[in-house]
Amino acid sequence: MLDGLKSFIVKLNESGVPLPMVRTNGKPSLTATLVFLSFNMALLGQLGKISNFFGDIDLTQSNYLLLICLSAYLGRRMQKNSDGTVSLEGVSEEPKEKGDIT
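Only a predicted model underlies this, so the values are computations on that prediction, with no experimental measurement involved. (Residues numbered from 1 in each chain as written. Predicted model: local features only at pLDDT ≥ 70, side-chain atom pairs only at ≥ 80, totals over all residues. Heavy atoms only, no water.)

Student: What's the story with the overall build of the chain in this structure? I'm lost.
Tutor: Looking only at helices and strands, the chain features three helices and four strands. Secondary structure elements in the chain, listed N-terminal to C-terminal, are α-β-β-α-α-β-β. Across the 102 residues in the chain, those meeting the buried criterion constitute 17%. Long-range contacts, defined here as pairs at least 24 residues apart, represent 36% of the contacts in the chain between residues at least 6 apart. With an accessible surface of roughly 8700 Å², the chain has 64% of that area assigned to carbon and sulfur atoms. (Helix = DSSP H or I, 4+ residues; strand = E, 2+ residues; numbered from the N terminus. Buried < 20%, exposed > 50% of the residue type's maximum accessible area, 1.4 Å probe, protein only. Contact = heavy atoms within 4.5 Å. Areas by Shrake-Rupley, 256 points an atom, 1.4 Å probe, with all protein chains shown as cover.)

So this is what it looks like as structure tokens:
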């Protein structure tokens, strides 16, 4: 029993637990998934408030969640280039010398 549980845990650790995530550039992105979920929650809340389906509710917290998730996504995506401009794609630059971090 214990060996079966250990092999199951090892299998999960090797392959990872599959989670449905939004993909950006072909790679799964946790921050994009959080933005997608929080945007849809805020949108449904706003639509429900406009139609009075949810009654008198306060959507401040869902809007804060959307703001935090957008900040995390854009903070991860926005990169400063060597010429000082900021782009959403960023530039992958290799260090000039081994150990040079500037």
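Student: Quick question: what am I supposed to make of unusual backbone geometry here?
Tutor: Leaving glycine aside, a negative phi is the common case for residues, and trans is the common case for peptide bonds. One non-glycine residue, Asn 25, lies in positive phi territory at about 55 degrees. One can find Asn 25 in the loop between β1 (22–24) and β2 (27–29). Located in the positive-phi region is Asn 52, a residue other than glycine, with phi close to 60 degrees. Tracing the backbone through its elements, the reader meets Asn 52 in the loop between α2 (30–50) and α3 (60–77). Here Asn 52 falls in the exposed class, since its relative accessible area comes to 60%.

Student: When you look at the side chain of Thr 31 in this model, what are you seeing that I'm missing?
Tutor: Checked against the element boundaries, Thr 31 lands in helix α2. Classification of Thr 31 by relative accessible area gives buried; the value is 15%.

Student: What is the right way to read α3 from this model?
Tutor: One full turn of an α-helix is made of 3.6 residues, so residues set three or four places apart face in the same direction. Given a rise of 1.5 Å per residue, 18 residues ought to cover 26 Å, and the 26 Å separating the end C-alpha atoms of α3 matches this to within 8%. Here α3 has its buried residues at Ser 62, Leu 66, Cys 69, Tyr 73 and Arg 77. Considered in projection along α3, the buried side chains sweep an arc of 70 degrees and stay on one side of the axis. When the buried face of α3 is taken as reference, the exposed residues oriented beyond 90 degrees from it are Gln 61, Leu 67, Ile 68 and Gly 75. (Expected span 1.5 Å × (residues − 1). Arc of directions from axis to C-beta.)

Student: How should I be thinking about the environment of Ala 42 in this particular structure?
Tutor: Here Ala 42 is to be found in helix α2. Expressed as a C-alpha distance, the spacing of Ala 42 and Gln 61, which sit 19 residues apart in the sequence, is 9.1 Å.

Student: Which parts of the structure should I look at to understand the packing of α2 against α3?
Tutor: Helix packing geometry: the angle between the two helix axes and the distance between the axes. It is the contact of α2 with α3, at a shortest axis distance of 9 Å, that shows an interaxial angle of 155 degrees. Between α2 and α3, the interaxial angle falls into the category roughly antiparallel. The two elements α2 and α3 cross, and the hand of that crossing is left-handed. Across the interface between the two elements, Thr 31, Ala 32, Leu 34, Val 35, Ser 38, Phe 39, Met 41, Ala 42 and Gln 46 from α2 touch Ser 62, Asn 63, Leu 65, Leu 66, Cys 69, Leu 70, Ala 72, Tyr 73 and Arg 76 from α3. The residue inventory of the contact of α2 with α3, partitioned by class, reads twelve nonpolar, five polar and one charged. (Axes fitted to C-alpha atoms, helices over the stretch in contact; angles between N-to-C directions. Parallel < 35°, antiparallel > 145°, perpendicular 65-115°, else oblique. Left-handed = near helix turned anticlockwise from the far one by under 90°. Nonpolar A, V, L, I, M, F, W, Y, C, P; charged D, E, K, R; others polar.)

Just geometry here; none of it tells us what the structure is for.
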